[in-house]
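Working through the structure, step by step
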Amino acid sequence: MGFNSMILVFIVVVGLCPYWAAAVTYNVVNLGAKGDGKTDSTKAFLNAWAAACASASPATIYVPPGSYFLRNAVFSGCKNHAITFRIDATLVAPADYRVIGKAADWLAFQDVTGVSILGGILDGQGTGLWACKNSGKSCPSGTTTLGFTNSNNILITGLTSLNSQKFHIVINGCQNVKLQGVRVSAAGDSPNTDGIHVQMSSDVTILDAKIKTGDDCVSIGPGATNLWIENVACGPGHGISVGSLGKELKEDGVQNVTVRTVTFTGSQNGVRIKSWARASSGFARSISFQHILMVDVKNPIIIDQHYCPNNKNCPGQVSGVKVSDVTYQDIHGTSATEVAVKFDCSSKNPCSGINLQDVKLTYQNKAAESSCANADGKASGFIEPKSCLY
Ligand SMILES: *[C@@H]1O[C@H](CO)[C@@H](O)[C@H](O)[C@H]1NC(C)=O
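What you see is a predicted model, and the numbers here were worked out from it, not measured in a lab.

The rules we used
- Residues numbered from 1 in each chain as written.
- Predicted model: local features only at pLDDT ≥ 70, side-chain atom pairs only at ≥ 80, totals over all residues.
- Heavy atoms only, no water.
- Salt bridge = Lys/Arg side-chain N within 4 Å of Asp/Glu carboxyl O.
- Helix = DSSP H or I, 4+ residues; strand = E, 2+ residues; numbered from the N terminus.
- Buried < 20%, exposed > 50% of the residue type's maximum accessible area, 1.4 Å probe, protein only.
- UniProt positions renumbered as here; feature names shortened; annotations may be inferred.
- Contact = heavy atoms within 4.5 Å.
- Near = heavy atom within 4 Å.
- Polar contact = N/O pair within 3.5 Å; in protein donor to acceptor, adjacent residues only side chain to side chain.
- Nonpolar A, V, L, I, M, F, W, Y, C, P; charged D, E, K, R; others polar.
- Domains from an automatic or database assignment.
- Buried area = accessible area lost by both parts, 1.4 Å probe.
- Pairing = 2+ DSSP bridges.

Right, let's get into the pattern of salt bridges. One pass over the structure, following the stated rule, counts four salt bridges. Close ionic contact of Arg-71 with Asp-40 constitutes a salt bridge, the shortest N to O distance being 3.1 Å. On the criterion of sequence distance, the pair formed by Arg-71 in the loop between strand S4 (67-69) and strand S5 (73-76) and Asp-40 in strand S2 (residues 36-40) is long-range, its members being 31 residues apart. Assessed through its relative accessible area of 35%, Asp-40 is described here as partly exposed. For Arg-272, the salt bridge goes to Asp-216, with nearest N and O atoms at 2.9 Å. Here Asp-216 lies in the loop between strand S16 (202-212) and strand S17 (218-220) and Arg-272 lies in strand S21 (residues 269-276), a separation of 56 residues in the sequence. The exposure classification of Arg-272 matches that of Asp-216, with both residues buried.

Annotation from UniProt places "active site" (unreviewed entry) at His-238. Mapped onto the fold, His-238 is located in the loop between strand S18 (225-234) and strand S19 (240-245). Sequence-distant contacts of His-238, that is, excluding residues within four places in its chain, are made with Gly-214, Asp-215, Asp-216, Cys-217, Gln-268, Asn-269 and Arg-272.

With that out of the way, let us pick up the site of the ligand. Contacts to the ligand come from Asn-226, Leu-227, Trp-228 and Asn-256. The separation between an oxygen atom of the ligand and a polar side-chain atom of Asn-256 is 2.3 Å. The element best represented in the shell around the ligand is S18, accounting for three residues. Grouping the amino acids of the shell around the ligand by side-chain chemistry returns two nonpolar, two polar and no charged.

What follows deals with the domain arrangement of the protein chain. The domain boundaries assigned to the protein chain delineate domain 1 (21-210) and domain 2 (216-390). For domain 1 and domain 2, the distance between their C-alpha centroids amounts to 30 Å. Counting residues at the interface gives 18 residues for domain 1 and 20 residues for domain 2. When domain 1 packs against domain 2, the two sides together hide about 1500 Å² of surface, and 45% of this comes from carbon and sulfur. Of all residues in domain 1, Val-198, Met-200 and Ile-206 give up the largest surface area on contact with domain 2, accounting jointly for 29% of the area buried on that side. The interface formed by domain 1 and domain 2 contains 22 residue pairs in polar contact (both at pLDDT 80 or more). The element that contributes the greatest number of residues to the side of domain 1 that touches domain 2 is S16, accounting for nine residues. Across the side of domain 1 that touches domain 2, the residue classes break down as seven nonpolar, seven polar and four charged.

With that settled, the discussion passes to unusual backbone geometry. In this structure, the amide linkage connecting Gly-235 to the following residue, Pro-236, adopts the cis form with an omega of 0 degrees. For Pro-236, the position within the fold is in the loop between S18 and S19. Cis peptide bonds are those with omega within 30 degrees of zero, and the linkage from Gly-243 to Ser-244 qualifies with 10 degrees. You will see that Asn-176, though not glycine, has its phi angle at about 60 degrees, which is positive. Of note, Asn-176 is situated in strand S13 (residues 175-180). Backbone geometry places His-291, a non-glycine residue, at a positive phi of 55 degrees. Mapped onto the elements, His-291 comes out in strand S22 (residues 283-297). Owing to a relative accessible area of 30%, His-291 belongs among the partly exposed residues under this scheme.

Attention now moves to the pairing of strand S20 (residues 254-265). In this structure, S18 lies alongside S20, joined through eight bridges in parallel fashion. Along S20, the bridge assignment pairs Thr-225 with Gln-255. Where S20 meets S22, ten bridges bridge the pair, whose relative direction is parallel. Each residue of the ladder has a partner; that of Val-262, found in S22, is Ile-292.

The following block contains the structure:
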C-alpha cells in the first residue's frame, strides 16, 4: 500500500468515527503542490480545501516549508466549520500584474464559518503594479491579497502580508473575526496598499499588528461595528482611518470602535476620521482613541469632512456624515506639522461630543496648534495644544 493510499485509509477511518474527534490533516504537497516557487500549486490548494470541507471532523490544511506559486483562488462553499490552514511557507502571487490584477482578491474566502489561518507569508508581488500606477499609465486596479467576505468565526494569527498589489487584508460582511500578530509590509509610497480594511462587519478584533505600508495601516469603512484595535505599530502609512465615509447617499454607519495602545511613527496621519463632502446617511459614533504615541506624525489627530479628491462630484457640497461621541484620551508625542489637532467638520452636521482628555502634542519642541470648524465638545486634564472646541 502506497503512502498516499495509507493516508486515504486513515482519513476514511477517521471520517467514519466522528466520536474520535481526531482532526484530519491534508498536506498540500501530497496533493501535488510544489514548494519550488514556480510550479502552479493552485489546484493542489483547492483540492486540499475540497477534501477538508468534505471532512466530518475538524480538518487542517498543512503547507510545509517552501515557496508556493498560486494564481488567484476562491475558497468557498464549505460545510466543515472547523478548518485550519497551517502555513509554514511563503505563498507567492504572479509577478505580472496582468495575470490577476483584475481579480477582486488573490486569495478569497467567501461564505465560510470557522476558518483559522495560522502563520504564513503572503507575497503579493505588487511592485510592478505600483510602478505602473505611479507612472500615470492606465493600469488594472489591482487585487487584494487576502479577502474574507460573508464569513463568521475567523481567526488569523501570525500571518505576514508583503507587497500587496492593492489592499493587503479585507474583512467585508463578516462577524467575529480575530486578527492577531499580523504583519504588513509594503513601500511607504506604494499606492492603495491599505494594511487591514474592515467594513460591513461586526465584532472584529485586531491585536498586536505591525503595519508599514503606503496607505492606511487600518481603514474602517461603512458598516463596521464593535471593532477593537489594540497594540498596533503603524508607519510608514496613512494612519488608522475611519473612512472614507459618505461616498454613497445611502450608507451604513460606523459605530463602537476602540483604538488603543498604538504607536504611529512617521506616518501621514495618526487617528483620522474622514468623510466625503457629499450628502449621505452615513455616520461615525462612539469612537474611542486611547493611549497613543505619535512620533513625527503629520496630522496626529484629524477629522476631515471635506474629502473631495480631484474636485469631482463634490465641490460646493457638505458632508452628510454625522460624527459624534469621539474620545481622544492620553495621546502624546510629536507632530511633524504645526497643526497637530484638526477638527474640520461638516457645516450641515457639526461634530458633537468630542472629548479630549490628556493630550500633549508638540511641534519642534514647542506646543503645536489646533484648528476647529463646526466642532463641539469638551476638554479635560492636561491639553496641549489648547482646545478649540466650542
Ligand atoms: C462595543 O464593542 C466591544 C467589542 O469591541 C464590545 O465588547 C462591546 O460590548 C460593544 N459595546 C456596545 C455598547 O455594543
